[in-house]
Amino acid sequence: MASPDQKSPNVLLQNLCCRILGKSEADAAQQFQYAVRVIGSNFAPTVERDEFLVAEKIKKELVRQRREADAALFSELHRKLHSQGVLKNKWSILYLLLSLTEDPRKQSNKVSSYATLFAQALPRDAHSTPYYYARPQSLPLNYPDRTTQPAQSSGSSGISSISMYALNGPTPTPQSLLPGQSYQAAGVGDCLRQQLGSRLAWTLTAGQPLQNSTSKGLASTVCRNLPRSRREGDTTGSVEITEANLVRDILYVFQGIDGKKIKMCNSENCYKVEGKVSLSKSLRDTTSRLAELGWLHNKIRKYTDQRCLDRAFGLVGQSFCAALHQELKEYYRLLSVLHSQLQLEDDQGVNLGLESSLTLRRLLVWTYDPKIRLKTLAALVDHCQGRKGGELASAVHAYTKTGDPYMRSLVQHILGLVSHPVLNFLYRWIYDGELEDTYHEFFVASDPTVKTDRLWHDKYTLRKSMIPSFINMDQAKKVLLIGKSINFLHQVCHDQTPSTKMIAVAKSAESPKDAADLFTDLENAFQGKIDAAYFETSKYLLDVLNKKYNLLEHMQAMRRYLLLGQGDFIRHLMDLLKPELVRPATTLYQHNLTGILETAVRATNAQFDNPEILKRLDVRLLEVLQGHFFLSILYLQVFTRECMSHYLRVFNFLWRAKRMEYILTDIWKGHMCNAKLLKSMPELSGVLHQCHVLASEMVHFIHQMQYYITFEVLECSWDELWNKVQQAKDLDHIIAAHEVFLDTIISRCLLDSDSRTLLNQLRAVFDQILELQNAQDAMYRAALEELQLRLQFEEKKKRRELEGEWGVTASEEEEEIKRIKEFQEAIPKMCSQLRILTHFYQGIVQQFLVLLTTSSDESLRFLSFRLDFNEHYKAREPRLRMSLGTRGRRSSHM
Amino acid sequence: HRAYFGAAHRKARVLRNVGSVRLLFEISRILNTGLDMETLSICVRLCEQGINPEALSSVIKELRKATEALKAAENMTT
């Protein structure tokens, strides 16, 4: 550091002293010592170290002096100086120059500066003589550290105006000069020294013990001055305080630091002037009004201090804190300006005019706007306590709905900053599908435990509390969907297309201001952006699903195979499976069934289907259900397991119904084939007739059921689904449509819990059909056996007759008759069996119909009409009649 | 080498400093601080060493007042 051009500060100071005093080093020793002490004790500057602030002040000062040309020249010079960039402490030297500046209008006085000084000293002495006793409280002289403050004298009107006039006027006024002249003349030197000393005492920071100072000259006058003033202060009795002191205190209180007289009162939670200080009510009032600022500042400061360190508070919270900090910084800037103003007055003492002095009233006016700001901020802080993330943004947003444009713009600015992280999350999410939300602030939540197969359904959810109030539910859902689609594409479909390709919308970096704009102008830009992203992403996703994964074809395949839409295939499969199905389930084997399935596929139109789909066809055997098996198509993850089980239930039902139809067809075939054969046995005709009647009743029933299932349920729902899928804008629509489809099918097929009784009846009907099949089989077997025997008997008779023997022997004859008799005796048994069957069946059907008519579903009621179109059952069942009647009446009412 | 460069560097800086002091002198003249070139350069150096400008300005003012007062006293007495 000790370079040749950098002499030690002491040497430089000594040079300075010599130059200014125009004396040799030895003569200036006293002043030099004083200078060293002053500089040594005021080590840290109290003003803000801001070069530009100082430059601005200089410009203002020049303008104030009506020297605009010089101000321009100064800014030019300053610019040059700045561009050179050699000096480190430019603010410092500029500040020095500013504080040394003198108004050229006073230049003319320069010669008579002695007079000015003289006059300067005068008013104090003028006070001390005639007005001293009159105004002891506002006496400035009592305060050694504040004697030269112009603000102080503002309390007393007459004297201050005179003194000020005397100070600023071109010449000292005779009035002020004359009375004190004689008094003053004697002790001019003393007085001057006194003045210098008192100033020095202030510069040396007020509370410093001066007694141990070693200097003899200037300091000794200080010592002399100080005790005297103290003593005088004591004699007035109570602790007094002037407005200037209050101003200084208030400036500290503004920063949340207790002043000397104004202290934080914990019990009342506010700043108060100490009780024992005597103060006029208006001053006390003004002070407490001003002190509110400090309280507000403390509140905000406490919040930001607490939250800044809290890492878990999240980005939104941090940006809120940053916004608050920014506001506080503005506030500090104001305070520093006030401080430097005060400082300037202190420095220049009486040189400055009254108009620039600080008073409480002035402060009140100047801090009016900042106070509103701080109040708003404090209210915000209160409101945002304990909130984070989107919730916090909502809280801030709630405050933008105020009528005051000033407040609104402030809160909107903060909202812009606060919502900036939210917006960043949002853009990351809707454009890249990435969720970098370490502190759970965004309104989309992701569950890392969810595997990819449940990604669409469970992985991402909306955090309702975190949705900022400026985003409505609809938008939030769309946002969720966009990101989900992108993630689905990436993780499930393994489609690595960069999102920019997917989305044509230009993605731009948003500044906080844009953010605020977007959120306030929701109708247009933001909504548009979300809509565009939503549209593009969903479209792309659907395209990928359709083209790459053949979603639509798969759905059709479901319909065709699981819901038995492909008639020829199902029919053929059933033909092939018939021998397998009559066997008990325990003897069925998976591989056999698979073989059969493949045969069926190859033999029917199914072979032309997409191999991708056929690969998924599989036969599954469910041991529990006797004779029933499952034909299933394993599917994309989009359709969940639950979905699959629904499909299987429907399939199970449809398969049963189909099988019943098949069995009835068999029965009918039996009728047709055997009718001719059994004509020769007239005793059977009654039974046969009964059998036919029952069978056709069943056929009618099953046909109607089939019709209902195929046309009323499946085709209608399918058509609806298909339309919806074609129009679907996103995957969620498709899934929703599909779910609706499944739900309708399940409820219409009586598979839901509401129609359990109906389903039971239907099952019973099916059981009756199976029983009929069995009974009829047994009957036919017996009949055919009998027929066979009879034919054999006849044939034998004929052959013997041809051989010329007796056709029958008596024993044979007897045996034959006995057998026929036995058979004929068995017929009534069959008859009664059939009758019982019929009875049961009809009972069940009636029950079923009763249930149908009371059903709430329109289509089911229509089914009951169809099943009982000729009112066959109605005639038999009084309950049915009644309910049909009431329904008729009800419908006529309607 | 290092010493040489060090010296050259320092010289260049001094030259530039002179330029800065000229500029500051202009500013000082505009502001009517009443500082001459010599005093100003002392002040600049002091400021560069990080001295509190507030204190420095008060010292200068007091010194000036002291000189004037002394001169005045001398005038009065003579």
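Here the structure is a predicted model, which means the values were calculated and not measured.

Conventions and cut-offs
- Residues numbered from 1 in each chain as written.
- Chains lettered and ligands numbered in written order.
- Predicted model: local features only at pLDDT ≥ 70, side-chain atom pairs only at ≥ 80, totals over all residues.
- Heavy atoms only, no water.
- Salt bridge = Lys/Arg side-chain N within 4 Å of Asp/Glu carboxyl O.
- Helix = DSSP H or I, 4+ residues; strand = E, 2+ residues; numbered from the N terminus.
- Buried < 20%, exposed > 50% of the residue type's maximum accessible area, 1.4 Å probe, protein only.
- pLDDT = per-residue confidence, 0-100.
- Contact = heavy atoms within 4.5 Å.
- Phe/Tyr/Trp six-rings, centres within 6.5 Å; stacked < 30°, edge-to-face > 60°.
- Lys NZ or Arg CZ within 6 Å of the ring centre and 35° of its normal.
- Pairing = 2+ DSSP bridges.
- Axes fitted to C-alpha atoms, helices over the stretch in contact; angles between N-to-C directions.
- Parallel < 35°, antiparallel > 145°, perpendicular 65-115°, else oblique.
- Left-handed = near helix turned anticlockwise from the far one by under 90°.
- Nonpolar A, V, L, I, M, F, W, Y, C, P; charged D, E, K, R; others polar.
- Core = buried A, V, L, I, M, F, W, Y, C linked by side-chain atoms within 4.5 Å.

(A) The pattern of salt bridges, seen in detail. All names here are of chain A. Counted by the stated rule, this structure contains 17 salt bridges over all chains. Linking Lys299 and Asp382 is a salt bridge whose minimum nitrogen-to-oxygen distance equals 3.0 Å. Within this pair, whereas Lys299 is found in helix H12 (residues 281-308), its partner Asp382 is found in helix H15 (residues 368-384), the two being separated by 83 residues in sequence. Overall, the relative accessible area of 23% leaves Lys299 in the partly exposed class. Here Asp382 falls in the partly exposed class, since its relative accessible area comes to 45%. A salt bridge links Glu786 to Arg819, with the nearest nitrogen and oxygen atoms 3.0 Å apart. Placement of the pair is Glu786 in helix H30 (residues 756-803) and Arg819 in helix H31 (residues 810-854), with a sequence separation of 33 residues. Through salt bridges with shared partners, one network takes in Glu786, Arg790, Glu816 and Arg819.

(B) Structural detail: unusual backbone geometry. Positive phi, normally seen in glycine, also occurs at B:Asn32, with a value near 55°. Assignment of secondary structure puts B:Asn32 in the loop between helix H1 (2-30) and helix H2 (37-48).

(C) Structural detail: the confidence of the model for chain A. Residues and elements named next belong to chain A. Mean pLDDT over chain A works out to 70, with 70% of the residues at or above the 70 mark. Mean pLDDT in chain A bottoms out at helix H7 (residues 157-168), which sits at 36, and peaks at H15, which reaches 85. Low pLDDT, under 50, characterises residues 107-238; the predicted model gives this stretch 150 contacts beyond four residues in sequence or across chains. Under a pLDDT of 50 for its full length, residues 351-355 has, in the predicted model, 11 contacts with residues more than four places off or in other chains.

(D) Layout of the packing of aromatic side chains. Residue and element names in this part refer to chain A. Here the structure, examined in full by the defined rule, presents 7 aromatic pairs over all chains. Where Tyr303 meets Phe320, the ring centres are 5.8 Å apart and the plane angle is 75°; that geometry is what we call edge-to-face. With Tyr303 in helix H12 and Phe320 in helix H13 (residues 314-348), this pair connects stretches of sequence that are 17 residues apart. A residue is classified by how much of its surface remains accessible, and Tyr303, at 2% relative accessible area, is buried. Relative to Trp722, the ring of Trp718 lies with its centre 5.6 Å away and its plane at 25°, an arrangement referred to as stacked. Residue Trp718 and its partner Trp722 are located together in helix H28 (residues 685-727), separated by 4 residues, close to a single helical turn. Accessibility expressed as a relative area gives 11% for Trp718, which makes it buried. Stacked on the ring of Tyr534, the Lys or Arg Lys478 has its end atom at 5.0 Å from the ring centre.

(E) Structural detail: the environment of A:Thr599. Within the element layout of this structure, A:Thr599 appears in helix H25 (residues 590-603). In this structure, the C-alpha to C-alpha distance between A:Thr599 and A:Leu576, residues 23 residues apart in sequence, is 8.5 Å.

(F) Focus on the pairing of strand S2 (residues 270-273) of chain A. Residues and elements named next belong to chain A. Going residue by residue along S2, you find Tyr271 and Val273 tucked away on one face and Cys270 and Lys272 left uncovered on the opposite face. Across 4 bridges, strand S1 (residues 262-265) lies against S2 in antiparallel orientation. By the bridge assignment, Met264 is partnered in S2 with Tyr271. The antiparallel pairing of S1 with S2 creates a hairpin that spans 4 residues between the two strands, and Asn269 there sits at a positive phi of about 55°.

(G) The packing of H15(A) against helix H17 (residues 405-432) of chain A, seen in detail. All names here are of chain A. Where H15 contacts H17, the axes come no closer than 10 Å and their chain directions differ by 50°. Comparing the axis directions of H15 and H17 gives the class oblique. The handedness of the crossing between H15 and H17 is right-handed. Counted together, Asp369, Ile372, Arg373, Thr376, Leu377 and Leu380 of H15 and Tyr406, Met407, Leu410, Val411 and Ile414 of H17 form the full contact between these two elements. The residue makeup of the contact of H15 with H17, split by class, is 8 nonpolar, 1 polar and 2 charged.

(H) Structural context of the nonpolar core. Formed by 170 residues in total, the largest nonpolar core has its most connected members in A:Phe254, A:Phe320, A:Phe443 and A:Phe701. Sorting elements by how many residues they give to this core places H28(A) first, with 16 residues. Ignoring any residue separated from it by four or fewer positions in sequence, one finds A:Phe254 in contact with A:Leu290, A:Leu293, A:Gly294, A:His297, A:Tyr331, A:Leu335, A:Leu338, A:Leu363 and A:Thr367. Counting residues in hydrophobic clusters, the runner-up holds 50 residues, among them A:Ala28, A:Tyr34, B:Ala55 and B:Val59.

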